Amino acid sequence: MRIGILTGGGDCPGLNAVIRAVVRSGTTQHGDEVVGFRDGWRGVVDGDTVPLDVAATRGLLPRGGTVLGTSRTNPFALDGGPERVLETCRRLGIDALVPVGGEDTLGVAHRLAGAGLRCVGVPKTIDNDLDATDYTFGFDTAVGVASEAIDRLHTTGDSHHRALVVEVMGRHAGWIALHAGMSGGATVVLVPERPFDLDAVVAHCQHRFDSGFSPIVVVSEGAVPADGHLTTATGQRDAFGHERLGGIGEALARVIEQRTGRESRAVVLGHVQRGGTPTPFDRVLATRFGLAAVRAVHSGASDVMVALRGTDIVQVPLAEAIAQLKLVPLERYEEAEVFFG
Ligand code: F6P
């Protein structure tokens, strides 16, 4: 068979491990030919390919990012985009596509599968917010990076008697904040799913200062205050004279400083969480997903995504995979709350 593979959306540690597994399993176990498309759906629309064989995947397992490149191109947002995807696959004799991505990339795969293109999706996101799989690869790596940062911030915070606010990724789901905060012993964790009470956050920080330690607040980039009264205006102007808006982390640090009278600093971890080598857990999960995708293709499956359920890799309909985001449930947040303050 001729299998096409693409990586779409934000990059994620473990993408190269999926590519390696698909190529290794496809070519050596099944006699497949594997074609890589550059930069997500953009490469399929434009017919921009890179041949993939075992030699091309050597050394890929520990490598971060994606050797295929990625983009957020959505063929359905382009004039004639879906038709161009179908035409590329027909012209190149692609029997099945393995799109590796999050909600958006897999949503496109679902629609194309409906148009007759055989698609087996692989879930990817550091946010861990895809509902149909217990875990996505990339998440464990991101949590590891954030957790290490928190460990380091404890020591500098305590030395300077300062509060430190760590802003982590997660626009809609607070999984990274929750896990990194729990593993790093945060004073308080704030997630998008639970609008927070600013007075309670300040009280937790004050309590921590009163006990002789520095507070660490871990906040998802998408967290919001319950009463909506937290300005992200910094009072500073950029080189063009426009007012500079900060993120939620900076806004919180400012309020904590004003209300506790203690110095506070904000650290935005940003894309550091997405870069670099995947953890062993993510390498294994990504590899198992890649192997399962090739098995699914050869079993004749389409319009499905491989997923982790418990310790098993299963297939779920793509429609189910993109139906809703997996948010942090209240019980999970309450477990973390026991340690606040
Ligand atoms: O979905 C992954 C993610 O890293 C989010 O956590 C984050 O909000 C977003 O991508 C950042 O996107 P970009 O790389 O386009 O800035």
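Remember, it's a predicted structure, so these values are computed and weren't measured experimentally.

### A word on the overall build of the chain
Here is step 1: Each helix and strand counted, the chain has eleven helices and 13 strands in total.
Here is step 2: What you see for the chain is a C-alpha radius of gyration of 22 Å, in line with the 20 Å of a compact globule of 341 residues.
Here is step 3: Counting only C-alpha atoms, the chain reaches 65 × 45 × 35 Å along its principal axes.
Here is step 4: By sequence separation, contacts in the chain at least 24 residues apart represent 74% of the contacts at least 6 residues apart.

### Regarding the UniProt feature "site: Important for catalytic activity" (unreviewed entry) in the chain
Here is step 1: According to UniProt, the feature "site: Important for catalytic activity" (unreviewed entry) maps to Lys124 in the numbering used here.
Here is step 2: With respect to the helices and strands, the residue lysine 124 is situated in the loop between strand E5 (120-123) and helix H5 (139-160).
Here is step 3: Using a count of 32 C-beta atoms within 10 Å as the deciding quantity, one classes lysine 124 as buried.
Here is step 4: Lysine 124 has contacts with Cys12, Leu15, Val100, Gly101, Gly102, Thr136, Phe137 and Gly138, leaving out every residue within four places of it along the chain.

### Focus on the site of the ligand
Here is step 1: Near the ligand the following residues occur: Gly10, Gly102, Thr125, Ile126, Asp127, Met169, Gly170, Arg171, Glu221 and Arg274.
Here is step 2: Looking at the shell around the ligand, its residues break down into two nonpolar, four polar and four charged.

### A few points about helix H7 (residues 198-210)
Here is step 1: With 13 residues, H7 should reach 18 Å at 1.5 Å per residue; the first-to-last C-alpha distance of 18 Å fits that figure.
Here is step 2: Regarding H7, the residues found buried are Val201, Val202, Cys205 and Arg208. Buried residues in H7, looked at end-on, bunch into an arc of 120°, giving them a common side. Turned more than 90 degrees from where H7 packs its buried face, Asp199 and Asp210 sit exposed.
Here is step 3: Among the structural elements, strand E6 (163-168), strand E7 (188-190), strand E8 (216-220) and helix H8 (248-260) are those in contact with the buried residues of H7.
Here is step 4: Positive backbone phi, at 90°, marks glycine 212, one or two positions downstream of H7.

Conventions and cut-offs
- Residues numbered from 1 in each chain as written.
- Predicted model: local features only at pLDDT ≥ 70, side-chain atom pairs only at ≥ 80, totals over all residues.
- Helix = DSSP H or I, 4+ residues; strand = E, 2+ residues; numbered from the N terminus.
- Rg over C-alpha atoms; globule rule 2.2 N^0.38 Å.
- Contact = placed C-beta atoms within 7 Å.
- UniProt positions renumbered as here; feature names shortened; annotations may be inferred.
- Buried ≥ 20, exposed ≤ 12 C-beta atoms within 10 Å, placed from the backbone.
- Near = placed C-beta within 6 Å.
- Nonpolar A, V, L, I, M, F, W, Y, C, P; charged D, E, K, R; others polar.
- Expected span 1.5 Å × (residues − 1).
- Arc of directions from axis to C-beta.

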